[in-house]
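Chain by chain, the residues:
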Amino acid sequence: MSVHEVVVPQSINENGGLAGFRGIHRRIWNSVFRKPAIPQNELEHSKAVADNFFLHIHSAKVHDRTLKFRTTLGLGLLSFFMFIILVVTGVLLMFYYVPTPAEAYNRMLDLRGAVFFGDILRNLHRWAAHAMVLLVVLHMVRVFLTGAHKAPREFNWCIGVVLLLLTLFMSFTGYLLPWDQLAYWAIVVGTSIAGYAPVVGKSMQFVLLGDYSVGGEALLRFYVLHCVALPAVLLALVGAHFWRIRKDGGLARPHGNEEGDSSNTKATVSHMQPGEAPSFERFPARAGKTYGLMCVVERSSPATKVEPECQVQSWPAALNRELALFVISLLVLSIFALIFKAPLEDPANPLHPPNPAKAPWYFLGLQELVSYDAFWGGIGIPGILVLLALLAPYLEWRKGGEGVWFHRSRSAANWMFLTIMLTLGILTIIGSLFRGVNWQFTVPW
Amino acid sequence: MAPLHIDPERSAPPDEGRRRFLTTVTTVTLATAAGAMSLFNMIFLKPRVIYGSSSKVRVGRPNAFPQGSYLDLPAARLMVRRDGNRFAAISTVCTHLGCTVRATDVGFDCPCHGSTYDQQGINMGGPAPKPLAWYRISLTPEGELEVDKSDIVPFNTYLEVAS
Ligand code: HEM
Ligand code: FES
């Protein structure tokens with residue numbers, strides 16, 4: 001009886017009046033995180049990563065090879081960071097930008113001169129866009145040279161090819177928006193290239209422009225593509241790209257012993273190919289028991305009894321590196337944006353193309369090709385290259401060399417790939433530096 | 001009420017068949033709807049109303065044009081040529097990738113990728129795949145010359161104007 005007399009008033013007290021606020025911060029916090037504020041041990045770290053919407057893109061643990069800088073050179077992650085920076089700065093720029101031929105250029109001048117922080121945001125946006133194109137291309141090169149596009153990652157490579165095209169299309173639609181000379185003539189030339197596509201070319205050009213010639217309708221269309229349609233598709237595909245990385249069993253790494261012998265790592269080392277990094281079979285086919293918290297892949301799961309000696313906790317190992325890489329890239333980009341102004345040419349003048357009329361550097365290889373033949377340079381050769389890229393992992397179906405830089409068994413494929421990339425690079429350099437008035441050959445010195 | 005009688009031998013197969021039928025009907029209906037929607041959305045993107053510049057341009061009275069010369073009308077991206085009493089309108093849009101060509105002593109030059117054309121607009125060099133377009137030119141009731149840029153006529157088509 002005396003127990004009741006003590007307990008009942010207290011519970012009334014807790015649920016009523018101001019006393020209800022006692023400990024409310026803890027209740028709110030717990031409703032959001034349901035976990036200790038800061039995870040204290042490996043188990044709590046793993047749970048935090050698995051249960052948090054924003055962190056669960058990681059597996060709880062990753063292979064330490066994944067985190068080695070030389071595995072990825074951080075390029076995929078850097079591409080993603082550029083995208084994030086572009087979204088943030090881009091949304092901010094949208095608050096001032098008006099997509100009409102009469103206003104667009106003035107708004108650029110306003111951003112440069114009048115709006116607080118406007119020039120810095122515009123510079124950041126422009127340089128991040130250039131950096132993203134460069135980084136995505138380099139990321140593709142690293143994936144190929146490490147054989148990471150081979151089975152079972154073929155489809156993720158294909159998603160990657162589409163991401164590259166979207167990245168290029170994003171930048172194409174983006175540099176139209178200032179409505180300066182570069183913008184205007186780039187879109188004249190670019191949409192004319194689309195017009196050379198077989199069968200659908202002319203109607204594609206008409207739909208892109210929303211008119212028979214470049215004007216306000218085209219600007220509006222490119223604005224919607226640049227600010228809404230393309231980023232939405234890009235973001236969705238980046239999500240699929242990341243998802244596939246885990247579903248494909250994490251980043252590519254050399255095969256261990258193929259038979260799935262889970263005995264130990266020494267056997268693996270003795271089966272090593274010359275030139276291959278030592279590897280540890282983490283997903284033996286016949287494993288009896290499996291870890292539950294790791295990234296789950298079809299067909300196989302990580303086995304118990306295999307010493308998880310090369311697994312590291314995503315939190316902190318991966319998260320710390322990602323944060324560091326982000327901070328460094330933002331820092332470098334900011335310094336760049338403080339020093340170098342984003343270009344802005346004269347206002348668009350439909351009567352007089354500049355001479356020479358040049359696209360940004362990453363399209364000058366294409367422009368060089370186009371100056372020989374519009375169909376082959378603008379549609380034929382790029383089309384064949386994209387098709388080749390999509391088919392590459394299916395053509396190179398023989399196992400071996402996954403996750404190893406310049407693996408000997410892949411040297412033929414690597415040479416072909418490098419030859420194509422170098423050719424494109426050389427064309428880009430010719431277009432950038434060796435073409436002058438009337439697109440005549442000149443020397444830059 | 002009569003007791004509900006279920007004959008397992010009879011009820012199972014019709015049920016199967018009904019499910020398959022409903023599945024097929026639903027799938028076909030939804031696929032058709034999705035296909036139609038995508039098609040309509042694509043057609044939606046193709047403008048029916050052109051807000052931009054009209055394809056018809058009035059270029060002035062015939063006798064405003066000097067004899068035997070080209071008159072460049074940059075805003076309309078064309079030039080008008082007068083030969084005696086014959087008139088023609090020739091596009092200044094490069095047939096390669098759409099830059100504006102400039103008149104030179106011997107014809108026309110494109111600054112973008114170096115195409116060259118002769119006085120008639122025939123492509124002579126560079127990547128241009130075909131001659132400059134000739135547009136239909138006509139006389140309005142008010143006696144002004146009008147060029148229809150959506151109407152490309154054969155090369156060397158002139159309009160005779162009685163003077
Ligand atoms: C928007 C552009 C892209 C973003 C944000 C992106 C992001 C990433 C990230 C973060 C990774 C993890 C490993 C790493 O950092 O290298 C990755 C892996 C991968 N990416 Fe991309 N990527 C993009 C475009 C591409 C392109 C253009 C390709 C190839 C055509 C590609 C193919 C792959 C493949 C196959 C993997 C798995 C690599 C492995 O298993 O080692 N990605 N991507
Ligand atoms: S647009 Fe005239 S040469 Fe290319």
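Since the structure is predicted, the reported quantities are computational estimates derived from the model, not experimental observations.

### Section: the interface of chain A and chain B
Contacts between chain A and chain B engage 29 residues on the former and 25 residues on the latter. Summing the contributions of chain A and of chain B, the shared interface buries around 2100 Å²; its carbon and sulfur component is 61%. Across the contact surface, chain A and chain B share zero salt bridges. Along the contact surface separating chain A from chain B lie five residue pairs in polar contact (both at pLDDT 80 or more). The set of elements that each furnish at least two residues to the side of chain A that touches chain B consists of α10 (181-195), α11 (201-209), α12 (216-247) and α15 (364-370) of chain A. The element that contributes the greatest number of residues to the side of chain A that touches chain B is α10(A), accounting for five residues.

### Quick word on the confidence of the model for chain A
Residue and element names in this part refer to chain A. Here chain A averages 83 in pLDDT, and 83% of its residues register 70 or above. Ranking the elements of chain A by mean pLDDT puts helix α13 (residues 265-270) last with 37 and helix α6 (residues 75-94) first with 97. In the predicted structure, residues 1-11 sits below a pLDDT of 50 and forms one contact with residues beyond four places in sequence or in another chain.

### Re the nonpolar core
Counting residues in each nonpolar core, the largest one holds 97 residues, and the members touching the most others are A:Y175, A:W179 and A:V214. When residues no more than four places from it in sequence are discounted, the contact partners of A:Y175 are A:L182, A:A183, A:A186, A:A359, A:P360, A:Y362 and A:F363. Within the second largest apolar cluster, 14 residues are counted, among which are B:Y135, B:L145, B:L159 and B:V161.

### What to know about the site of ligand 1
Residues and elements named next belong to chain A. Neighbouring ligand 1 are 24 residues, the closest being H139, R142, G160, H241 and A252. Residue R153 places a side-chain N or O atom 3.2 Å away from an oxygen atom belonging to ligand 1. Breaking the shell around ligand 1 down by element, the ones donating at least two residues are α6, α8 (118-145), α9 (154-174) and α12. Here the shell around ligand 1 is composed, by residue class, of 15 nonpolar, seven polar and two charged.

### Focus: the sheet that holds strand β8 (residues 123-125) of chain B
Residue and element names in this part refer to chain B. Pairing is antiparallel across the open sheet formed by four strands, whose spatial order is β5-β6-β7-β8. A single partner strand is all that each edge strand has here, and the edge strands are β5 (102-103) and β8. Here β5 runs beside strand β6 (residues 107-109); their pairing, made up of two bridges, is antiparallel. When the bridges of β6 are listed, R102 appears paired with D109.

### Structural notes on the state of the cysteines
Residues and elements named next belong to chain B. Counted under the stated rule, the structure contains one disulfide over all chains. The residue that forms a disulfide with C99 is C112, at a sulfur-sulfur distance of 1.9 Å. Given an S-S torsion of about -85°, the disulfide between C99 and C112 has left-handed geometry. Taken together, the positions of C99 in the loop between β4 (86-91) and β5 and C112 in the loop between β6 and β7 (116-118) put the pair 13 residues apart, joining distant regions of the chain. Taking relative accessible area as the criterion, C99 reaches 1% and is therefore assigned buried. Assessed through its relative accessible area of 0%, C112 is described here as buried.

### Considerations on the pairing of strand β10 (residues 145-153) of chain B
All names here are of chain B. By the bridge criterion, four bridges tie strand β1 (residues 56-60) to β10 in an arrangement that is antiparallel. Considered in β10, the bridge of V57 is made with V147. Of the strand pairs in this sheet, strand β9 (residues 134-139) and β10 are connected by six bridges, and their pairing is antiparallel. In the sheet register, Y135 faces β10, and the bridge partner there is I152. Here β9 folds back onto β10 in antiparallel fashion, the turn holding five residues, of which G143 has a positive phi close to 85°.

### Considering helix α14 (residues 314-339) of chain A
The first and last C-alpha atoms of α14(A) sit 36 Å apart over 26 residues, in line with the 38 Å expected at 1.5 Å per residue. Contacts made by the buried residues of α14(A) are with α3 (42-51), β1 (61-63), α4 (64-67), α6, α8 and β2 (311-313) of chain A.

### A closer look at a nonpolar patch on the surface
All names here are of chain A. A surface patch of nonpolar side chains, about 1000 Å² in accessible area, is lined by F155, W376, I381, I384, L387, L388, L391, Y394, L395, I420 and L424. Going through the elements one at a time, α16 (374-395) and α17 (411-433) are the ones with two or more residues in the nonpolar patch. Tracing the sequence through the fold places L391 in helix α16. Residue classification places L391 among the partly exposed residues on the basis of a relative accessible area of 41%.

### Some details on the coordination of the iron atom of ligand 1
Residues and elements named next belong to chain A. Taken together, the protein donors to the iron atom of ligand 1 comprise H139 (NE2) and H241 (NE2), at separations of 2.0 to 2.1 Å. Metal-centred angles of 85 to 179° between the six donor atoms at the iron atom of ligand 1 mark the site as octahedral. Of this pair, H139 sits in helix α8 while H241 sits in helix α12; the two residues are 102 residues apart in sequence, bridging distant segments of the chain. With a relative accessible area of 18%, H139 lands in the buried category.

Cut-offs used in this document
Residues numbered from 1 in each chain as written. Chains lettered and ligands numbered in written order. Predicted model: local features only at pLDDT ≥ 70, side-chain atom pairs only at ≥ 80, totals over all residues. Heavy atoms only, no water. Contact = heavy atoms within 4.5 Å. Buried area = accessible area lost by both parts, 1.4 Å probe. Salt bridge = Lys/Arg side-chain N within 4 Å of Asp/Glu carboxyl O. Polar contact = N/O pair within 3.5 Å; in protein donor to acceptor, adjacent residues only side chain to side chain. Helix = DSSP H or I, 4+ residues; strand = E, 2+ residues; numbered from the N terminus. pLDDT = per-residue confidence, 0-100. Core = buried A, V, L, I, M, F, W, Y, C linked by side-chain atoms within 4.5 Å. Buried < 20%, exposed > 50% of the residue type's maximum accessible area, 1.4 Å probe, protein only. Near = heavy atom within 4 Å. Nonpolar A, V, L, I, M, F, W, Y, C, P; charged D, E, K, R; others polar. Pairing = 2+ DSSP bridges. Disulfide = S-S within 2.5 Å. Expected span 1.5 Å × (residues − 1). Patch = residues over 30% accessible without salt bridge, like charges linked within 9 Å, V, L, I, M, F, W, Y side chains within 5 Å. Areas by Shrake-Rupley, 256 points an atom, 1.4 Å probe, with all protein chains shown as cover. Donors = N, O, S within 2.8 Å, 3.2 Å for Na, K, Ca; no water. Tetrahedral: all angles 85-135°; square planar, octahedral: opposite > 155°, others 65-115°.

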